[in-house]
Amino acid sequence: MQHAGLYVCTADNGLGRGAAAGIHLAVLYPPQVELVLDWVKHKNQISAQISCHVQAEPVASVRWYKDTLLLEQTDRRRMTTFSSKHVLLLTKLGPEDLGNYTCHGENSLGVRKQSVEVYGRPHPANVTSKVVSMYKDKYILEWMVDSLFAIEECRILYRVAGADTSDWTNIIPTMEQKDNMFTFTFHSLTPGTEYEVIIQTRNREGWADPPNIFKFKTRDGASQLVHSKQRGMLFGHSSQIQAGVGMLHVVVLGVGMGRWL
């Protein structure tokens, strides 16, 4: 299809005006399908947006399937088309919306399709705390987890950064599900030291995909900042995990959540 376009032949022998003729070449090919899944959050509700890019000549017809069921547009299931981009938006997601979604493109030269899973597992934890601690011997880790269902279990793994041969310390804190934002306080840390952290979360559908490793550093020397209250947040239930390790707090947002794509 890269050879499609306008081809022009010109002729000129130096006598009078030259001549030119053109032809538009159309290259026919079966559909080429590319599928992308994006999660959209607005006012604490999660939607799934599936974008299907279909290139074909002649132009392909596009249909959407959930598992083997042909889909039609509803109030919660919206279908839009922008040139070669076809979008399926699933709003107010519930358990009945989970499954495999297929974009099916077809023209006179063939059929192509791609599928993607709309799953109910938690999204990877998003750490929101700063990378440098306010203290020399402790660190307050803050993170958010977007999930259709309540978080049932959380694991925190940490170690000194750069210590490839050292084992991860595994903490399974007791937790109470309040919202999608949590904090955990590390105690008895080494001043001026960088640490690596992995946060794992699970709901009734399973464990979240592995998150990226987050790194933080404790302050060096005897000076440390006074921890200030954060606007828009209320600290709720807390429970002691184990001596010298940390405490888990559930943070309830005082304002509505934003939107991401």
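Data block above holds the structure.
Criteria and cut-off values
- Residues numbered from 1 in each chain as written.
- Predicted model: local features only at pLDDT ≥ 70, side-chain atom pairs only at ≥ 80, totals over all residues.
- Heavy atoms only, no water.
- Helix = DSSP H or I, 4+ residues; strand = E, 2+ residues; numbered from the N terminus.
- Buried < 20%, exposed > 50% of the residue type's maximum accessible area, 1.4 Å probe, protein only.
- Contact = heavy atoms within 4.5 Å.
- Areas by Shrake-Rupley, 256 points an atom, 1.4 Å probe, with all protein chains shown as cover.
- Salt bridge = Lys/Arg side-chain N within 4 Å of Asp/Glu carboxyl O.
- Patch = residues over 30% accessible without salt bridge, like charges linked within 9 Å, V, L, I, M, F, W, Y side chains within 5 Å.
- Phe/Tyr/Trp six-rings, centres within 6.5 Å; stacked < 30°, edge-to-face > 60°.
- Lys NZ or Arg CZ within 6 Å of the ring centre and 35° of its normal.
- Core = buried A, V, L, I, M, F, W, Y, C linked by side-chain atoms within 4.5 Å.
- Pairing = 2+ DSSP bridges.
- Axes fitted to C-alpha atoms, helices over the stretch in contact; angles between N-to-C directions.
- Disulfide = S-S within 2.5 Å.

Draft legend 1. Quick look at the overall build of the protein. Counting secondary structure elements, the protein contains zero helices and 20 strands. In the protein, which comprises 261 residues, the proportion classed as buried is 38%. Counting only contacts in the protein whose residues sit at least 6 apart along the sequence, the fraction spanning at least 24 positions is 62%. Accessible surface for the protein amounts to roughly 15400 Å². Of this, 50% is attributable to carbon and sulfur atoms.

Draft legend 2. View of the pattern of salt bridges. Inspection of every chain in the model, using the stated rule, returns 13 salt bridges. Residues Glu117 and Arg121 are paired through a salt bridge, measuring 3.7 Å at the closest nitrogen-oxygen approach. One continuous salt-bridge network, built from bridges that share partners, spans Glu152, Glu153, Arg155 and Arg202.

Draft legend 3. Structural view of a nonpolar patch on the surface. Taken together, the side chains of Tyr7, Ile23 and Leu25 make up a nonpolar region of the molecular surface, amounting to roughly 300 Å² of accessible area. Its location among the elements puts Leu25 in strand β2 (residues 19-25).

Draft legend 4. Layout of the packing of aromatic side chains. Scanning the model with the defined rule gives eight aromatic pairs in all. Where Tyr139 meets Phe216, the ring centres are 3.9 Å apart and the plane angle is 5°; that geometry is what we call stacked. With Tyr139 in strand β12 (residues 139-144) and Phe216 in strand β18 (residues 214-217), this pair connects stretches of sequence that are 77 residues apart. The pair Tyr139 / Phe216 is uniform in exposure class, with both members buried. Taking 5.4 Å as the distance between ring centres and 15° as the angle between the ring planes, the aromatic pair formed by Tyr195 and Phe216 counts as stacked. Residue Tyr195 is located in strand β16 (residues 194-203), and its partner Phe216 is located in strand β18; the two are separated by 21 residues in the primary sequence. The exposure class of Tyr195 is buried, given its relative accessible area of 5%. An aromatic cluster is present here, built from Tyr139, Tyr158, Phe184, Phe186, Tyr195 and Phe216 joined pairwise through their rings. Stacked on the ring of Tyr135, the Lys or Arg Lys138 has its end atom at 4.4 Å from the ring centre. The lysine or arginine in question, Arg204, covers the ring of Phe149, its NZ or CZ lying 4.0 Å from the ring centre.

Draft legend 5. Main features of the nonpolar core. Core analysis: the largest hydrophobic core is formed by 22 residues, its most contacted members being Ile50, Trp64 and Val118. The element that contributes the greatest number of residues to this core is strand β4 (residues 45-57), accounting for six residues. Beyond its immediate sequence surroundings of up to four residues, Trp64 is in contact with Leu35, Ile50, Cys52, Leu69, Leu70, Leu71, Met79, His86, Val87, Leu88, Thr102 and Cys103. By size, the runner-up hydrophobic cluster in this structure holds 19 residues, among which are Tyr139, Trp143, Phe186 and Phe214.

Draft legend 6. Local environment of the sheet that holds strand β6 (residues 69-70). The strand order across the open sheet formed by four strands is β6-β5-β9-β10, and the pairing between neighbours is antiparallel. Edge positions in the sheet fall to β6 and β10 (110-118), since each of these pairs with one other strand and no more. Inspection of the sheet shows strand β9 (residues 99-107) paired to β10 by nine bridges, in the antiparallel sense. Residue pairing in the sheet places Asn107 in a bridge with Gly110 of β10.

Draft legend 7. Representation of the sheet that holds strand β7 (residues 77-82) within the structure. What the four strands build is an open sheet, ordered β3-β4-β8-β7; its pairing is antiparallel. Of all the strands in the sheet, the pair left with one neighbour each is β3 (29-42) and β7. Pairs of neighbouring strands in the sheet enclose a mean axial angle of 15°, with direction left out of account. As defined by bridge partners, β7 adjoins strand β8 (residues 85-90) across six bridges and the pair is classed as antiparallel. Pairing of Arg78 across the sheet is with Leu89, part of β8.

Draft legend 8. Spatial organisation of the state of the cysteines. According to the stated counting rule, one finds one disulfide in the structure shown. One disulfide in the model links Cys52 with Cys103; its S-S distance is 1.9 Å. Because the torsion about its S-S bond is -80°, the bridge between Cys52 and Cys103 counts as left-handed. Here the residue Cys52 occupies a position in strand β4, and Cys103 occupies one in strand β9, the gap between them amounting to 51 residues. Each member of the pair Cys52 and Cys103 is classed as buried.

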